[in-house]
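Coordinate analysis (summary)
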Amino acid sequence: MSSTSRAFNLLQKCYIPSFKAPMRSTRRSLGFTPGINGMRSSSICFANELLSPTGKIVKDGGKRSTAVLSHSPKEEKVLNNQGVGAFQKLPMVMPAIDILSSAQRKARNVSPTKGIANIAKRERNKAAKQLDTLMKELAVPLRTYIENFPNKKYLHPYECSLIELTFGDGNYEQILGRVDSLRKKLISVGKEHASLCAQSSTKREAEERLGEGLKKVQEAFNQGKNALDDLLYVAKSLRAMPVIDPHLPTLCLVGAPNVGKSSLVCILSSGKPEVCNYPFTTRGVLMGHIMLNYERFQVTDTPGLLRRHEDDRNNIERLTLAVLSHLPTAVLYVHDLSGDCGTSADDQFFIYKEIKEKYSNRLWLDVVSKCDLLEDSSTSACISNELDRYKAFGPEGAIPVSVTSGMGIEELKAKVYQLLLSQMTQIPAQEG
């Protein structure tokens with residue numbers, strides 16, 4: 001038998017618990033549900049209450065081949081039947097410095113197994129136990145994070161879009177992969193130095209090897225702790241995002257920047273978005289609620305769209321398209337023909353035509369905002385050119401409103417309520 005094998009046998013007799021230590025049962029329910037690429041995560045939830053739809057509990061089989069756990073076909077079926085809400089179920093990620101401090105404190109408090117009379121054997125036992133404790137106290141939290149952060153494959157397409165647009169395509173998986181690599185490194189280093197402690201022939205040698213092992217494990221952790229810092233940022237950003245229930249009728253306000261969408265959200269719902277006179281006030285998807293005849297409806301305020309090719313749109317604008325593409329929304333399109341928003345009426349016309357054509361299957365309502373700033377266009381009733389008519393009156397059937405004077409607000413509310421009631425009847429058919 002080699003010296004290494006004898007050392008491991010002796011170590012097992014002294015004490016090295018298997019790393020397959022009992023953990024708290026990880027029962028989690030994952031649901032379907034926008035930085036690292038230089039984009040600030042500024043999505044704010046203005047709802048009076050967050051929606052946290054609960055699905056069936058999925059018991060984790062504990063098998064994983066990558067940083068993100070795989071699931072059995074039965075689990076996949078359960079996951080794919082759930083709604084949005086996974087971001088509110090994320091585990092609390094501790095700062096790296098707190099994980100290290102806690103692990104070191106627990107390792108220092110470990111005592112040798114009682115009943116070992118030989119001093120050298122007792123010191124080997126203590127060294128092995130302390131290294132094993134430090135290794136587990138660092139690695140187990142990382143495993144918990146990896147197991148409980150959702151796999152994008154099982155998320156709602158809307159939530160997948162939020163992750164990609166907030167952190168960049170592939171960065172979410174990369175961060176989880178770095179955390180898993182750190183976990184594996186800690187296990188490897190911990191086991192290596194625990195085996196060296198087991199080969200110690202004297203108390204002094206065991207103490208020296210323990211000190212060296214603790215140092216190496218700490219160095220390995222410090223080298224990879226940036227992955228934990230990034231994961232903490234991801235968790236905070238995702239948890240702050242509003243949850244939109246795809247089973248509730250939703251009104252999505254769309255238009256160019258600074259046309260008055262946020263002001264209308266304040267009028268129509270419980271949402272209280274920031275209202276300022278500069279473009280891209282809304283940098284994330286904001287949400288409020290409307291109560292009508294004891295029914296609750298959602299209202300989302302989205303970032304403004306500029307006139308440019310879809311491939312040239314920034315991630316802020318793409319948030320708007322993600323809501324329209326992946327959620328069953330009715331559209332309230334807001335136009336500002338006063339010249340006050342910073343986007344010309346010509347550009348607004350072409351943006352409007354593009355979006356209306358792309359999402360022609362959506363229920364639709366047009367609004368011309370800031371009508372108190374418009375000149376009287378009654379003499380232009382005979383204009384035949386579509387663009388000129390748009391610049392004078394907006395789209396055909398558009399409701400003229402003014403938040404300042406209150407003009408058209410009651411008519412708008414009545415139309416919005418009718419639109420949402422119609423949307424409510426369509427959602428079961430869309431889900432089917």
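Structure: above.
Fair warning: this is a prediction, and the values are worked out from it, not measured in the lab.

With respect to the overall build of the chain
Helix and strand counts for the chain stand at 12 helices and 8 strands. For the chain, the proportion of its 432 residues judged to be buried stands at 51%. Here the chain has roughly 20600 Å² of accessible surface; of this, 50% comes from carbon and sulfur atoms.

What about the packing of aromatic side chains?
Applying the stated rule across the entire model yields 7 aromatic pairs. Measuring from centroid to centroid gives 5.1 Å for Tyr333 and Tyr352, while their planes differ by 70 degrees, and the two rings are edge-to-face. One end of the pair, Tyr333, is in strand S6 (residues 329-335); the other, Tyr352, is in helix H10 (residues 345-358), with 19 residues separating them in the sequence. Across this residue pair, the class does not change: Tyr333 and Tyr352 are buried. Pairing Tyr352 with Tyr390 gives two aromatic rings, centres 6.3 Å apart and planes at 25 degrees, and the pair type is stacked. Of this pair, Tyr352 sits in helix H10 while Tyr390 sits in helix H11 (residues 386-393), and the two are 38 residues apart along the sequence. Each member of the pair, Tyr352 as well as Tyr390, is classed as buried.

Structural notes on the pattern of salt bridges
All chains considered together, the criterion is met by 21 salt bridges. Residue Lys106 is joined to Glu137 by a salt bridge in which the shortest nitrogen-to-oxygen separation is 3.4 Å. In this pair, Lys106 sits in helix H3 (residues 96-108) while Glu137 sits in helix H4 (residues 119-148), placing the two residues 31 residues apart along the sequence. Each of the salt bridges in this network shares a partner with another, and the network as a whole consists of Arg308, Arg313, Glu317 and Glu354.

Some points on the nonpolar core
In terms of nonpolar packing, the biggest core is built from 63 residues, with Leu138, Phe149, Phe221, Leu238 and Ile355 touching the most fellow members. Sort the elements by how many residues they give to this core and helix H7 (residues 203-239) lands first, with 11 residues. Sequence-distant contacts of Leu138, that is, excluding residues within four places in its chain, are made with Ile99, Leu100, Ala103, Leu186, Val217 and Phe221.

Basis of the calculations
- Residues numbered from 1 in each chain as written.
- Predicted model: local features only at pLDDT ≥ 70, side-chain atom pairs only at ≥ 80, totals over all residues.
- Heavy atoms only, no water.
- Helix = DSSP H or I, 4+ residues; strand = E, 2+ residues; numbered from the N terminus.
- Buried < 20%, exposed > 50% of the residue type's maximum accessible area, 1.4 Å probe, protein only.
- Areas by Shrake-Rupley, 256 points an atom, 1.4 Å probe, with all protein chains shown as cover.
- Phe/Tyr/Trp six-rings, centres within 6.5 Å; stacked < 30°, edge-to-face > 60°.
- Salt bridge = Lys/Arg side-chain N within 4 Å of Asp/Glu carboxyl O.
- Core = buried A, V, L, I, M, F, W, Y, C linked by side-chain atoms within 4.5 Å.
- Contact = heavy atoms within 4.5 Å.

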